[in-house]
Amino acid sequence: MDDLTGFQRDLLFVVAGQSEPAGVAIKDEIEEYYRKEIHYGRLYPNLDTLIDKGLLEKGKKDGRTNSYLITNRGRRELQARLDWERQYNA
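An account of the accompanying structure is given in this report. (Residues numbered from 1 in each chain as written. Predicted model: local features only at pLDDT ≥ 70, side-chain atom pairs only at ≥ 80, totals over all residues. Heavy atoms only, no water.)

1. Overview of helix α1 (residues 6-16)
An α-helix turns once per 3.6 residues; consequently, residues spaced three or four apart project the same way.
Logical step 1: Where burial is concerned, most of α1 is hidden: eight out of the eleven residues are buried.
Logical step 2: Considered for burial, the residues of α1 that qualify are Phe-7, Gln-8, Arg-9, Asp-10, Leu-11, Leu-12, Val-14 and Val-15. (Buried < 20%, exposed > 50% of the residue type's maximum accessible area, 1.4 Å probe, protein only. Helix = DSSP H or I, 4+ residues; strand = E, 2+ residues; numbered from the N terminus.)

See below:
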């Protein structure tokens, strides 16, 4: 996870916390957290990067809507990150 941006890590957490969300659902969640509009031109390239790294998979909900699913590797990476953060939260 050391090669991911903070935004990419946040996207990974959002996808992990939902059941195969569509891009719009991810966008809504991340906008709520960041308290600002996230443009699709930022969202989808970062989701594609997570797919390329084997942390997410992309599926189809219907002809126009993609869904996203965290992979086992993605879950392991998130858990490792949480474990690392706990070392410093006293």
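So much for the structure itself; the text now carries on.
2. Some remarks on the packing of α1 against helix α2 (residues 23-34)
Logical step 1: One can describe the packing of α1 onto α2 by two numbers: an axis separation of 10 Å at closest approach and a directional angle of 120 degrees. It follows from the interaxial angle that α1 and α2 lie oblique. For the pair α1 and α2, the sense of crossing is right-handed. The residues of α2 that touch α1, namely those facing Gly-6, Phe-7, Asp-10, Leu-11, Val-14 and Val-15, are Ile-26, Glu-29, Ile-30, Tyr-33 and Tyr-34.
Logical step 2: Its residues assigned to classes, the contact of α1 with α2 shows eight nonpolar, one polar and two charged. (Axes fitted to C-alpha atoms, helices over the stretch in contact; angles between N-to-C directions. Parallel < 35°, antiparallel > 145°, perpendicular 65-115°, else oblique. Left-handed = near helix turned anticlockwise from the far one by under 90°. Contact = heavy atoms within 4.5 Å. Nonpolar A, V, L, I, M, F, W, Y, C, P; charged D, E, K, R; others polar.)

3. With respect to the pairing of strand β2 (residues 66-70)
Along any regular strand the residues' side chains alternate between the sheet's two faces.
Logical step 1: For β2, the tally of buried residues reaches four of five residues, placing the bulk of the element in the interior.
Logical step 2: One ladder, built from five bridges, connects strand β1 (residues 56-60) with β2; its direction is antiparallel. Within the sheet, the bridge partner assigned to Gly-59 lies in β2 and is Ser-67.
Logical step 3: Connecting the antiparallel pair β1 and β2 is a turn made up of five residues. (Pairing = 2+ DSSP bridges.)

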